[in-house]
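Results of the structural survey
Here is what each chain is made of, one letter per residue.
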Amino acid sequence: MRNLLATDFMRLWKSKAFWGCFAAGIFMCLATTLGDYHYLQVYQDPKPLDEVFFNNIPLMGLLSAAFVSLFLGADFSYGTIRNKISAGYKREQIYLSGWLVCISGILIILAAMLGGTALMGIPLFGMFERKPQEVFLLTAVCFLVIAAFTGLFVMVVMAVHERAVSAVLCLALFLLMTFPASLLESRLHEEKIQYSYATVDENGVPTLVEEGPNPRYIGGIKRQILLVIHNVNLPGQTSQISNLDFLTNPAEMMLCSAGVLLVTTGIGILIFKRKDMK
């Protein structure tokens, strides 16, 4: 297992997919930080570093999908997986080695992006408004949710033979997870009270809607269930982190991420062990 890990990490450092995604991540970090600073200069709208630091987190799922499908997909394209099996390595060892290297690679990219944002952002926006321990906790939430994304995409790639197909599947899966997360977050942000406002009915007659309970508000046990679903659906977490608008405790988000990571890893190993490599 140690030799397998050493070989896979060596391949990571030489991988064009890794360095390409690394460059893309740094570019995103530069573009969003400078874009936010330009907005501040033009509109004189002060923004704390807190709101800039986590801006790119929602896109990390997309970057993870691209990296994993290209990096691990190459193992199938070049017959590397078959060679590892022929060399006597167990399938779970091969899976876990690829899993660990992919998670390490994407977290290195994430760390570089956050570090770059801090280095540029502190001179432009000042220090964080939140306490250091809060920033550390949110950063830990980021790392765990992106690790969960990566574990999910590793499962998909290791279950599919062709690199192009796995890339399409990973990207499609990311988009399919993102749209429901956006809709559900919108519903979960509905206020309990609907304040009075003026509107126009279907006949064009002005109407005043009185203040009262909001019929779109979701409460009780149904809300708790939907919050768990929202956190298990990983884009729901990255959206909350990016907006610094948390529907649940960050510790609960970390628990959901850890659960997704463990479940997808277990399922992925079971699928890969039964996979026909001929």
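Residues numbered from 1 in each chain as written. Predicted model: local features only at pLDDT ≥ 70, side-chain atom pairs only at ≥ 80, totals over all residues. Heavy atoms only, no water.

Moving on: the layout of surface pockets. Estimated volume of the largest pocket: approximately 170 Å³. In terms of lining, the largest pocket is formed by Arg11, Lys14, Ser15, Lys16, Ala17, Leu70, Phe71, Ala74, Asp75, Tyr78, Thr80 and Arg163. The set of elements that each furnish at least two residues to the lining of the largest pocket consists of helix 1 (2-14), helix 2 (16-43) and helix 4 (57-77). Top contributing element to the lining of the largest pocket by residue count: helix 4, with four residues. Across the lining of the largest pocket, the residue classes tally to five nonpolar, two polar and five charged. (1 Å grid on protein atoms, 1.4 Å probe; cavity = no way out; pocket = protein on both sides within 12 Å on 5 of 7 lines; lining within 4 Å. Points joined across faces, edges and corners; volume = space filled by probe spheres on them. Helix = DSSP H or I, 4+ residues; strand = E, 2+ residues; numbered from the N terminus. Nonpolar A, V, L, I, M, F, W, Y, C, P; charged D, E, K, R; others polar.)

This part is about the pattern of salt bridges. Per the stated rule, a full pass over the model turns up two salt bridges. Close ionic contact of Asp8 with Lys84 constitutes a salt bridge, the shortest N to O distance being 2.8 Å. One end of the pair, Asp8, is in helix 1; the other, Lys84, is in helix 5 (residues 80-86), with 76 residues separating them in the sequence. Comparing Asp8 with Lys84, the two get one shared label, buried. The residue Asp50 makes a salt bridge to Arg130 at a minimum N-O spacing of 3.8 Å. With Asp50 in helix 3 (residues 49-53) and Arg130 in the loop between helix 6 (91-125) and helix 7 (132-158), this pair connects stretches of sequence that are 80 residues apart. For Arg130, a relative accessible area of 29% corresponds to the partly exposed category. (Salt bridge = Lys/Arg side-chain N within 4 Å of Asp/Glu carboxyl O. Buried < 20%, exposed > 50% of the residue type's maximum accessible area, 1.4 Å probe, protein only.)

Asp8 sits in the buried class, given a relative accessible area of 4%. In this structure the side chain of Asp8 is engaged in a polar contact, spanning 2.8 Å, whose partner is the side chain of Lys84. (Polar contact = N/O pair within 3.5 Å; in protein donor to acceptor, adjacent residues only side chain to side chain.)

Among the structural elements, Asp36 can be located in helix 2. Since its relative accessible area comes to 12%, Asp36 is described here as buried. Spatially, the C-alpha atoms of Asp36 and Gly121 are 9.6 Å apart, while their sequence positions differ by 85 residues. What Asp36 contacts, discounting residues up to four positions off in sequence, is Lys47, Val52, Asn55 and Phe125. Among the polar contacts made by the side chain of Asp36, one reaches the side chain of Asn55 at a distance of 2.5 Å. (Contact = heavy atoms within 4.5 Å.)

Within the structure shown, the criterion is met by one cavity of 30 Å³ or more. Taken as a whole, the largest cavity spans an internal volume of roughly 40 Å³. For the largest cavity, the full set of lining residues is Phe53, Phe54, Asn56, Ile57, Met60, Leu110, Met113, Leu114 and Thr117. Where the lining of the largest cavity is concerned, the elements lending two or more residues are helix 4 and helix 6.

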